[in-house]
Amino acid sequence: MQNEMEEKFEDWRGKEAIPGKHGGIRAASIACVVEMMENMVFLACSTNFITYFTKSWHYSSAKASNMVTNFTGTSFLLTIIGGFVADSFLTRFTAFVIFCSIELLGLILLTIQAHTPKLQPHGDNTPSTLQSLVLFTGLYAVATGVGGVKASLPAHGGDQLDSRKQGLISGFFSWYFFSICFGGLLAVTIMVWTEENKGWSSSFDICTVILASALFIFTVGFPMYRFRRPTGSPLTRIVNVFVSAARNRNRFVTDAEITLNNSTDKSIHHNKFKFLNKAKLNNKISATEVEETRTFLALLPIFASTIVMNCCLAQLSTYSVQQGMLMNRKLSKSFEVPPASLNTIALLFMLSSIAFYELFGKRISSSNNERSSCFNLKRIGTGLALTSVAMAIAAIVEAKRKHEAVHNSIKISVFWLEFQYVLLSFSDVLTLGGMLEFFYRESPASMKSISTALGWFSTALGFFLSTVLVDVTKSVTGWLDGEDVNGSRLELFYAVLCVLNTLNLFNYIFWAKRY
């Protein structure tokens with residue numbers, strides 16, 4: 001990781017940034033506020049789209065589930081492209097403005113459609129080609145915007161702080177994740193209630209105003225930000241290092257040459273991927289470029305080990321919501337709990353724990369240096385372990401729910417689902433929160449956006465893996481072929497996910513010990 005002295009920042013005029021005038025806590029805090037607003041909008045849609053697609057658009061349960069996972073997966077998949085653009089061609093500020101504007105345009109299109117009867121299916125009819133075209137255009141414009149925003153915003157916020165003060169960086173990412181959770185809390189309470197009681201047209205109206213406000217607030221901070229100018233494509237440099245190493249693979253290199261080559265490599269991974277040292281035999285390849293490549297490669301096994309966990313997490317916005325629709329949701333004669341709002345209790349716990357740690361826990365915690373590597377690796381591993389426990393409980397609860405519903409015609413309380421919601425939500429805050437900070441702090445300075453995007457990219461692959469597993473399970477076992485979850489063997493599907501994630505946990509431990 002490069003230190004602050006090696007990083008050059010500019011102000012909005014292109015002159016050298018002045019400490020105390022440009023950047024700092026105030027500039028970084030704007031990123032937290034904006035992320036809270038943007039995440040509220042995104043989760044207001046994604047967490048409850050399953051009911052929108054089934055009730056308003058008359059898609060089947062399985063079709064709607066895959067539409068939700070594909071939309072969410074695409075949103076996070078595109079973070080890699082957003083991170084690549086932000087690191088290679090634009091400042092992170094410019095990347096955010098462009099992608100947030102795209103997200104806003106997609107949201108405006110969905111809002112217009114929700115207010116126009118001709119663009120919605122009539123009665124119980126399935127949507128026409130034109131109606132579907134408008135829907136999917138709006139959805140994937142939002143997904144494209146989300147991808148760029150999620151990649152550029154945390155890196156932009158981190159750039160406002162002195163990277164030598166690791167406590168500030170840790171604090172920023174804790175409060176940044178607090179903002180993500182607080183936006184999620186508002187989404188699954190106020191926004192889901194609006195969708196269930198006032199309709200989706202009202203929800204889209206509110207989301208459009210909030211996102212436009214977030215874009216305005218972010219741009220107002222323009223004079224106080226500091227900017228790191230892009231230095232070209234880091235992926236191109238990585239490819240060049242591999243090509244050079246491959247071309248020189250048969251060349252003999254003396255021990256003296258290896259020692260000389262490694263003397264300029266400050267990475268903790270200088271003893272790994274030693275075959276890359278031969279890339280330095282090409283005079284056009286610098287030691288810094290080899291160090292960048294080595295550091296990025298070391299992050300990939302950690303990233304890959306979190307994909308299955310995100311596959312489990314995807315069930316909260318699909319099958320868990322469908323389970324909740326068939327359970328007793330009444331708190332009183334006049335109020336029913338929307339299934340998508342079950343995250344509320346979990347989010348309140350997470351918000352409390354983050355705030356408690358930042359305000360009080362640091363006094364008794366380990367040093368910042370420990371937190372930068374070992375702490376975050378343990379944090380991610382704990383999240384993976386909780387996921388296995390959550391899926392085991394989910395399978396047991398579903399077996400109980402279906403037995404009572406099918407054999408005794410009894411709807412058990414929807415709060416039985418709270419166990420899996422709380423555990424999976426905690427695993428998410430541990431894993432994703434740990435990944436965002438870990439990847440930002442460990443990555444080269446020129447790859448901050450694309451590296452933090454790996455956390456969201458893992459979420460994307462997890463959601464797509466969920467789609468694949470649902471389709472494979474349906475075709476091979478028929479467990480998920482029922483018209484609703486009462487006619488399916490969802491508990492067996494959850495059990496399979498539990499086993500897969502447990503195996504994945506052992507894989508993660510193997511790589512974490514070798515980082």
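So, how was this worked out
- Residues numbered from 1 in each chain as written.
- Predicted model: local features only at pLDDT ≥ 70, side-chain atom pairs only at ≥ 80, totals over all residues.
- Heavy atoms only, no water.
- Helix = DSSP H or I, 4+ residues; strand = E, 2+ residues; numbered from the N terminus.
- Rg over C-alpha atoms; globule rule 2.2 N^0.38 Å.
- Buried < 20%, exposed > 50% of the residue type's maximum accessible area, 1.4 Å probe, protein only.
- Contact = heavy atoms within 4.5 Å.
- Areas by Shrake-Rupley, 256 points an atom, 1.4 Å probe, with all protein chains shown as cover.
- Lys, Arg positive; Asp, Glu negative; His and termini not counted.
- Charge placed at Lys NZ, Arg CZ, Asp CG, Glu CD.
- pLDDT = per-residue confidence, 0-100.
- Polar contact = N/O pair within 3.5 Å; in protein donor to acceptor, adjacent residues only side chain to side chain.
- Core = buried A, V, L, I, M, F, W, Y, C linked by side-chain atoms within 4.5 Å.
- Domains from an automatic or database assignment.
- Phe/Tyr/Trp six-rings, centres within 6.5 Å; stacked < 30°, edge-to-face > 60°.
- Expected span 1.5 Å × (residues − 1).
- Salt bridge = Lys/Arg side-chain N within 4 Å of Asp/Glu carboxyl O.

1. Description of the overall build of the chain
Thinking step 1. The helix and strand inventory of the chain stands at 18 helices and zero strands.
Thinking step 2. At 24 Å, the chain has a C-alpha radius of gyration in line with the 24 Å of a compact globule built from 515 residues.
Thinking step 3. Principal-axis analysis of the C-alpha atoms gives the chain an extent of 80 × 50 × 50 Å.
Thinking step 4. Looking at the 515 residues of the chain, the share that counts as buried comes to 57%.
Thinking step 5. Across the chain, the fraction of contacts at a sequence separation of at least 24, relative to all contacts at a separation of at least 6, is 84%.
Thinking step 6. Of the roughly 21300 Å² that the chain leaves accessible, carbon and sulfur atoms contribute 64%.
Thinking step 7. Averaging the positions of the 45 positive and the 36 negative side-chain charges in the chain gives two centres separated by 3 Å.

2. Some points on the confidence of the model for the chain
Thinking step 1. The share of residues in the chain with pLDDT of 70 or more is 92%, and the mean pLDDT across the chain is 87.
Thinking step 2. Long-range and interchain partners of residues 1–5, a stretch whose pLDDT sits below 50, account for 18 contacts in this model, where long-range means more than four residues apart.

3. Examining the side chain of aspartate 159
Thinking step 1. Positionally, aspartate 159 belongs in helix α6 (residues 129–159).
Thinking step 2. When its relative accessible area of 4% is taken as the criterion, aspartate 159 is described as buried.
Thinking step 3. Among the polar contacts listed, one links the side chain of aspartate 159 to the side chain of tyrosine 440, at a separation of 3.2 Å.
Thinking step 4. Beyond its immediate chain neighbours, meaning those up to four positions away, aspartate 159 contacts Phe9, Arg92, Arg226, Arg228 and Tyr440.

4. Quick look at the nonpolar core
Thinking step 1. One finds Phe49, Phe53, Leu135, Phe204 and Tyr494 to be the most contacted residues of the largest nonpolar core, which totals 106 residues.
Thinking step 2. For this core, the element with the most residues is helix α1 (residues 25–46), which contributes 13 residues.
Thinking step 3. Mapping this core onto the domain boundaries places at least three of its residues in each of domain 1 (17–230) and domain 2 (298–352 + 371–514).
Thinking step 4. Not counting the four nearest positions on each side in its chain, leucine 135 is found in contact with Tyr52, Phe53, Trp57, Tyr59, Met67, Leu110 and Gln113.

5. Quick word on the packing of aromatic side chains
The geometry of two aromatic rings is summed up by the distance between their centres and the angle between their planes.
Thinking step 1. Taken as a whole and assessed by the stated rule, the structure comprises 37 aromatic pairs.
Thinking step 2. Ring geometry for phenylalanine 49 against phenylalanine 53: centres 5.0 Å apart, planes inclined by 20 degrees, an arrangement best described as stacked. Of this pair, phenylalanine 49 and phenylalanine 53 are both found in helix α2 (residues 49–56), four residues apart, which corresponds to roughly one turn of the helix.
Thinking step 3. Taking the relative accessible area as the measure of exposure, phenylalanine 49 reaches 2% and is therefore buried.

6. Some remarks on helix α18 (residues 490–513)
Thinking step 1. Look at α18: 35 Å from first C-alpha to last across 24 residues, which is about the 34 Å you get at 1.5 Å a residue.
Thinking step 2. Among the residues of α18, those classed as buried are Leu490, Glu491, Phe493, Tyr494, Leu497, Cys498, Asn501, Asn504, Leu505, Tyr508 and Ala512.

7. Here we look at the pattern of salt bridges
Thinking step 1. This structure, assessed with the given rule, holds 13 salt bridges.
Thinking step 2. Where arginine 379 meets glutamate 437, a salt bridge forms, and the shortest distance between an N and an O atom there is 3.8 Å. Taken together, the positions of arginine 379 in helix α15 (residues 368–407) and glutamate 437 in helix α16 (residues 418–442) put the pair 58 residues apart, joining distant regions of the chain.
Thinking step 3. Judged by relative accessible area, which is 15%, arginine 379 ranks as buried.
Thinking step 4. What makes glutamate 437 buried here is its relative accessible area of 0%.
Thinking step 5. Here glutamate 491 and arginine 489 are joined by a salt bridge, their closest N and O atoms 2.9 Å apart.

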